[in-house]
Amino acid sequence: MRRAWCGWAALSVLLAGMPPESAAATNQLRIGVPWPPGSKGMADLQAAGRDIAKKTAGRVQVKFVERRDLDSAEGACDGALLAGSPLIRRSPAAGICSLPLLCRSVEEAARLRAWLEPQVGAGLEADGCSMIAWLDLGFAYLHSRSPVGTVESWKAARLWVPAGDPEALRTAEAYGVAPVPMEASGVRAALRAGSVDAVIAPPLGAILLQWHVEIQSVSDVPFLALCGAVAIRNEALARLDGPDRDLLRGELARAFSSAAADLRQKETEALDVLVQNGVARHPLGNTPEQKAEWEDWASAAADRLAAGGRVPADALAAARQALSGFRAAP
């Protein structure tokens, strides 16, 4: 059931009984999130918004809206949970996090995120935003109509990319596969018809969109690490008094971190659900030679993305060195 958000109605009642100077002191912030109204993620954040209003005696009102960027056709936001292309456009270093097959484990992904955090924050600051939270959003896996176990079979695949996302299109081209741009709503039918062979997505997303009904295989290792940054425009933060600004940052960081932890747990469970529904886990390479071929392919794809300006070349080199040092440590 969809839940109506009634914050503005409550605010109207509150302001009706306030003197003019108190009404003028109220700051209203719109924060974009990827979750629709009625979802648990949205409900949890709305609860945090009510806490912020209560703890600031109504001076700070936060409205969460379904958006994936700070700017959209539906209107601009004061802040947003940014991930993927919207984040990389504003802070290119974030692209390092989602390079293919760069991280081999949860521990490596955590080390890479920690190393990237100050760089991503600096990129957002240069874009006029402050990073409120740097989030682990889990992993995306390679889902396919039939097993894609070798680089040769991967290069023959037709890969779905979101329509209207030039960054995703360039990434697919750097992968050396044929991109098929379309809206997410059409992917299930395209998988059934065979016009799309593969998608790179979190398992939970594949289930919620019913793509898993049309796929037979999912990779046994993560294909991409997923990271997100909660960013708020500096001009919006500047409207708040210091204590209210600090409270807003702390409450939002806690709320989004909790939502991300819940999402990661559901992603882990979603992999089990896929297997229970007959989707097979397949390795990327059955032999040492095939596995080495995948590593060479991933390295070359990352180099092409750096050469094309998708990620900073110096950050890529430093990230590889940091991960190499982590792997070599006892």
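Our subject is the structure listed above.
Everything numeric here is computed off the predicted structure, so don't read it as measured data.

Some points on the overall build of the protein chain
Inference 1: Helix and strand counts for the protein chain come out as 13 helices and 10 strands.
Inference 2: What you see for the protein chain is a C-alpha radius of gyration of 21 Å, in line with the 20 Å of a compact globule of 330 residues.
Inference 3: Along the first, second and third principal axes, the C-alpha set of the protein chain runs to 75 × 45 × 35 Å.
Inference 4: Residues classed as buried in the protein chain amount to 48% of the 330 residues present.
Inference 5: Total accessible area on the protein chain stands at roughly 15300 Å², and carbon and sulfur atoms take up 54% of it.
Inference 6: Both charge centroids of the protein chain, one from 35 positive and one from 37 negative side chains, sit 4 Å from each other.

Side note on the pattern of salt bridges
Inference 1: Summed over the entire model, instances satisfying the criterion amount to 22 salt bridges.
Inference 2: A salt bridge links Arg104 to Glu295; the shortest N-O distance between them is 3.9 Å. Of this pair, Arg104 sits in the loop between helix H4 (85–90) and helix H5 (106–126) while Glu295 sits in helix H12 (residues 288–307), placing them 191 residues apart in sequence.
Inference 3: Since its relative accessible area comes to 54%, Arg104 is described here as exposed.
Inference 4: For the salt bridge of Asp136 with Arg113, the shortest nitrogen-to-oxygen distance reads 3.3 Å. With a gap of 23 residues between them, Asp136 in strand S4 (residues 129–144) and Arg113 in helix H5 connect regions that are remote in the sequence.
Inference 5: We classify Asp136 as buried; its relative accessible area is 18%.
Inference 6: Accessibility expressed as a relative area gives 12% for Arg113, which makes it buried.
Inference 7: Linked by salt bridges that have partners in common, Asp69, Asp71, Arg89, Arg90, Asp127 and Arg233 make up one network.

Here is what the cut-offs are and how they apply
- In every chain, residue numbers begin from 1 and rise along the written sequence.
- Local features are withheld for residues below a pLDDT of 70 in this predicted model, meaning they are given only at 70 or higher, and side-chain atom pairs are given and counted only at 80 or more; totals for whole chains, interfaces and linings count all residues.
- The basis for every side-chain value is the complete set of non-hydrogen atoms in the structure, without hydrogens or water.
- A run of H or I in DSSP counts as a helix once it spans at least four residues, and a run of E counts as a strand once it spans at least two, with each numbered from the N terminus.
- The quantity called the radius of gyration is restricted to C-alpha atoms. Its globule counterpart is 2.2 Å times the number of residues to the power 0.38.
- Remark: exposure states derive from per-residue accessible area (1.4 Å probe, protein chains only) relative to the maximum for the residue type, with buried under 20%, exposed over 50%, and partly exposed in between.
- Accessible surface is estimated by sampling points in the Shrake-Rupley manner with a 1.4 Å probe; for residues, cover comes only from the protein chains shown.
- For this count, His and the chain ends are skipped, Lys and Arg are scored as positive, and Asp and Glu as negative.
- We put the charge of a Lys on NZ, of an Arg on CZ, of an Asp on CG and of a Glu on CD.
- Here a salt bridge means any side-chain nitrogen of Lys or Arg lying within 4 Å of a carboxyl oxygen belonging to Asp or Glu.

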